[in-house]
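# Working through the structure, step by step
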Amino acid sequence: MGGMFGVVSNQDCVDDLFYGTDYHSHLGTQRGGLAVSNDQGFKRHIHDITNSQFRSKFEDVLPRLHGNIGIGVISDYEDQPLLINSRHGAYAIVTVGKVDNLDELVQAALAKNGVHFSEMTGSEVNPTQLVAHLIDQRETFEEGIAHAQRKIYGSCSIMLLTDRGIYAARDRMGRTPLSIGRKNGSLAITLETCAFPTLGYEPERELGPGEIVFATHNEIEQLKPPGDKMQICSFMWVYYGYPASSYEGENVEAVRYRCGEKLAERDDVEVDMVAGIPDSGTAHAIGYSNYAHAPYRRPFVKYTPTWPRSFMPQDQNVRNLVANMKLIPINEIMDSGRVLFCEDSIVRGTQLQDIVKRVFDHGAAEVHMRPACPPLIHGCKFLNFSRSRSELDLAGRRAVHDIEGDNPENLDKYADPDSDEHAAMVEKIRDRLGLTSLRYQRLDDLVDAIGLPKEKLCTFCWDGCEPG
Ligand code: SF4
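For every chain, the first residue of the written sequence is number 1, and numbering continues from 1 onward in sequence order. The predicted origin of the model limits local features to residues at a pLDDT of at least 70 and limits the giving and counting of side-chain atom pairs to 80 or more, whereas totals for whole chains, interfaces and linings rest on all residues. Side-chain figures throughout are based on the complete set of non-hydrogen atoms in the structure, without hydrogens or water.

Our focus in this paragraph is the overall build of the protein chain. The number of helices and strands found in the protein chain is 16 helices and 25 strands. We compute the radius of gyration from the C-alpha atoms alone; for a globule the expected value is 2.2 Å times N to the 0.38, where N is the number of residues. The globule rule puts the C-alpha radius of gyration for 468 residues at 23 Å, and the 23 Å found for the protein chain is close to it. The rule is simple: take the accessible area with a 1.4 Å probe, protein chains only, and divide by the maximum for that residue type; under 20% is buried, over 50% is exposed, in between is partly exposed. Sorting the 468 residues of the protein chain into buried and exposed places 55% on the buried side. Sequence separation of at least 24 residues holds for 68% of the intrachain contacts in the protein chain that already meet a minimum separation of 6. Surface accessibility in these figures is a Shrake-Rupley result with a 1.4 Å probe; residues are shielded only by whichever protein chains are displayed. Accessible surface, the protein chain as shown: approximately 19500 Å² in total, 45% of it carbon and sulfur. Counting rule applied: Lys, Arg positive; Asp, Glu negative; His and chain ends not counted. For charged residues, the charge sits on one atom: NZ in Lys, CZ in Arg, CG in Asp, CD in Glu. Mean positive and mean negative side-chain charge positions of the protein chain (49 and 67 charges, respectively) differ by 2 Å. Starting at the N terminus, helices and strands are each numbered in turn, a helix being any DSSP run of H or I of at least four residues and a strand any DSSP run of E of at least two. For this analysis, residues touch if any pair of their heavy atoms sits within 4.5 Å.

So this is what it looks like as structure tokens:
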């Protein structure tokens, strides 16, 4: 997915920029980048963070970086920030999201004389360069950003750094959040609000869907008001987001507790302990455990000192090995009988299958699983959520395929938690994972736990619903 942070200050902003960007490290695994503007122009650094943490890669750079305005990015895909010399003047740009119609927009651009793209990611045009190209087609940054928002299908939040300040634009449908914070003489814009407290920023407000602002160190000018439709990604609360962050006024940790409570409220299974698959299953499990008055235990702990979450090798076998190495079982706790795990979600289920086997190998009598969201049936078109190239990699969709073959007639019936088809799909997944029981969160309960109206939430990956 990726994350971004920007700061405009009346003094050097590099420390805030560095730490503020670092607080987005859980959102991307490929590239980290910083750009600042100072009286000598723009300075930009990009590093590969696939095998090491953002902070360790940038510590050497910091003493040479100075400026009062800067933007930073953790990117899950392409090199960023890009430095662009345009007819509007020089600027640096970062984006978060997914340009689902990238090929179509690139072909339309290339059909015009003189257009070329120099930045490539693999064999594809760098999506951030395409966004810059769309912006440059209009007379002003403001019009250009609005033009890009209209043209892009998928999602795209933008920060654009000039020598005067930062243009910040939240995705047209608000799939990803952006918030403004302020402290003496400085103004920051962030995807994750957990970046604010330790850096001393007071949250001021969130940008609405499609809203565009221009930030200087003492002023935020609204250039385009928010639209009236929002589809913020529900997965921000379930999995992506950091527990200390809030979006649309709803804190991630609190939503996860409520998810766990909702799961427990509908459950009737008797267990000896409740546990979370670390890290993002933990808060869901605490919510479940407190509601059900069942003891919360940690039969697995995560070894974080040398296995940061951002370490995500491309090879699936190596990834499975790393996932296995990270989770250390505690035998003394594990072998006490009936275990109920809460997990944020079941994407492919491959690693979960290994975990379930390990728990049984360590002497558990029963292993129950309670994912905090419904079965994933549709691939995400908006945020690069799953690396899977095929929807059939999704555990839910694969189960439907096992039941119906290549062309399922009606996926909606599988999304209905009260249908026989849904029950058959869940049973297939339970059987494949080797679980004693599997019960998913209902979508209506997830929506209640988040606390926003359903029509403001993107729920596409569960119910295929895509309001215009
Ligand atoms: S499809 Fe799922 S992961 Fe993608 S934006 Fe919507 S809720 Fe988020």
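Attention now moves to the site of the ligand. Definition of nearness: a residue and a molecule or strand are near each other if at least one heavy atom of the residue lies within 4 Å of the molecule or strand. Taken together, the residues surrounding the ligand are Cys-233, Ser-234, Phe-235, Cys-380, Phe-382, Leu-383, Phe-385, Cys-458, Phe-460 and Cys-461. Mapping the ligand onto the cavity grids shows that it belongs to the second largest cavity. Taken together, the residues that form the shell around the ligand break down as nine nonpolar, one polar and no charged. Every definition here rests on a 1 Å grid over the protein atoms only: cavities are sets of points where a 1.4 Å probe fits but cannot get out, pockets are open sets enclosed by protein on both sides within 12 Å along at least five of seven lines, and lining residues have some atom within 4 Å of a point. To be counted as sitting in a cavity or pocket, a molecule needs more than half of its atoms within 2 Å of that site's grid points. As a working rule, the residues Ala, Val, Leu, Ile, Met, Phe, Trp, Tyr, Cys and Pro are called nonpolar, Asp, Glu, Lys and Arg charged, and the rest polar, with Gly in that last group.

Here we come to the side chain of Ser-437. Take Ser-437: it is sitting in strand β24 (residues 437-438). When its relative accessible area of 18% is taken as the criterion, Ser-437 is described as buried. A polar atom in the side chain of Ser-437 sits 3.1 Å from the side chain of Arg-370. Excluding residues that lie within four positions of it along the chain, Ser-437 makes contacts with Val-367, His-368, Met-369, Arg-370 and Arg-430. Polar contact is the term for a pair of N or O atoms within 3.5 Å; when the atoms are in protein, one must be able to donate a hydrogen and the other to accept it, and sequence-neighboring residues count only if both atoms are side-chain atoms.

Our focus in this paragraph is the sheet that holds strand β2 (residues 31-38). The pairing criterion is simple: DSSP has to find at least two bridges between the two strands. Ordered by their spatial adjacency, seven strands build an open sheet running β3-β2-β4-β1-β12-β11-β13, and the pairing between neighbours is antiparallel. On the outer flanks of this sheet lie β3 (41-48) and β13 (202-206), each paired with one strand and no other. Each neighbouring strand pair of the sheet contributes to a mean axis angle of 15°, computed without reference to strand direction. Bridge count between strand β11 (residues 179-183) and strand β12 (residues 186-190): five bridges; the pairing is antiparallel. Paired with Gly-181 across the strands is Ala-188, a residue of β12. The convention used is that axes are lines fitted to C-alpha atoms, helices contributing only their stretch in contact, and that angles between N-to-C directions extend from 0 to 180 degrees.

For helix α12 (residues 395-404), the complete set of buried residues consists of Ala-395, Gly-396, Arg-397, Ala-399 and Val-400. Next to the buried residues of α12 lie α13 (412-415) and α14 (420-433). Note on α12: the residue one or two positions beyond its end, Gly-405, has a positive phi of about 90°.

Glancing now at the sheet that holds strand β14 (residues 212-216). Read from one edge of the open sheet, six strands run β5-β6-β9-β10-β14-β15, paired in antiparallel fashion. Of all the strands in the sheet, just β5 (82-86) and β15 (219-224) have a single pairing partner and so form its edges. Recorded for the sheet is a direction-independent mean angle of 25° between the axes of neighbouring strands. Pairing geometry for strand β9 (residues 154-161) and strand β10 (residues 166-169), over four bridges, is antiparallel.

Moving on, we get to empty space enclosed by the protein. Grid points are joined across faces, edges and corners, and a volume is the space filled by probe spheres set on the points. Taken as a whole, this structure holds three cavities of 30 Å³ or more when the rule is applied. The volume enclosed by the second largest cavity comes to roughly 110 Å³. As for the second largest cavity, its lining consists of Arg-175, Cys-233, Ser-234, Phe-235, Tyr-240, Cys-380, Phe-382, Leu-383, Phe-385, Cys-458, Phe-460 and Cys-461. Among the secondary structure elements, those contributing two or more residues to the lining of the second largest cavity are α6 (235-240) and α16 (460-463). Considering only residue class, the lining of the second largest cavity consists of ten nonpolar, one polar and one charged.

Right, let's get into a negative patch on the surface. Grouping into patches uses exposed residues only, defined as over 30% relative accessible area, and leaves out salt-bridged ones; the cut-off is 9 Å for like charges and 5 Å for nonpolar side chains (Val, Leu, Ile, Met, Phe, Trp, Tyr). By definition here, a salt bridge exists when the distance from a side-chain nitrogen of Lys or Arg to a carboxyl oxygen of Asp or Glu is within 4 Å. On the surface, a cluster of negative charge is contributed by Glu-142, Glu-143, Glu-219 and Glu-221. Of all the secondary-structure elements, those providing two or more residues to the negative patch are α5 (141-151) and β15. Along the polypeptide, Glu-219 turns up in strand β15. Judged by its relative accessible area of 48%, Glu-219 falls in the partly exposed class.

Before going further, it helps to examine the packing of aromatic side chains. Here the aromatic set is Phe, Tyr and Trp, taking the six-membered ring for Trp, and pairing holds for ring centres within 6.5 Å; pairs whose planes are under 30 degrees apart are stacked, those over 60 apart are edge-to-face, and all others are tilted. For the structure shown, the criterion picks out 15 aromatic pairs. Centre to centre, the rings of Phe-235 and Trp-462 are 5.3 Å apart; their planes meet at 15°, and the pair counts as stacked. Of this pair, Phe-235 sits in helix α6 while Trp-462 is found in helix α16, placing the two residues 227 residues apart along the sequence. For the pair shown, Phe-235 and Trp-462 are each scored as buried. Ring pairs connect the aromatic residues Phe-18, Tyr-19, Phe-54 and Phe-58, which therefore count as one cluster. Seen from the ring of Phe-382, Arg-175 lies directly overhead, with NZ or CZ sitting 3.6 Å from the centre. Note on criteria: charge over ring means Lys NZ or Arg CZ within 6 Å of the ring centre, with the direction from the centre no more than 35 degrees off the ring normal.

What follows is about the packing of α12 against α14. The N-to-C vectors of α12 and α14 enclose an angle of 105°; their axes lie 9 Å apart at closest approach. Judged by the inter-axis angle, α12 sits roughly perpendicular to α14. Contacts between α12 and α14 pair Ala-395, Gly-396, Arg-398, Ala-399, Val-400, Asp-402 and Ile-403 from the former with Ala-424, Met-425, Lys-428, Ile-429 and Arg-432 from the latter. Among the residues forming the contact of α12 with α14, the class breakdown is seven nonpolar, one polar and four charged. We call two directions roughly parallel when the angle between them is under 35 degrees, roughly antiparallel when it is over 145, roughly perpendicular when it lies between 65 and 115, and oblique otherwise.

We now examine the environment of Pro-177. By the secondary structure assignment, Pro-177 is in the loop between β10 and β11. Contacts of Pro-177, omitting those with residues within four sequence positions, involve Arg-170, Thr-190, Leu-191, Ile-232, Met-236 and Tyr-247.

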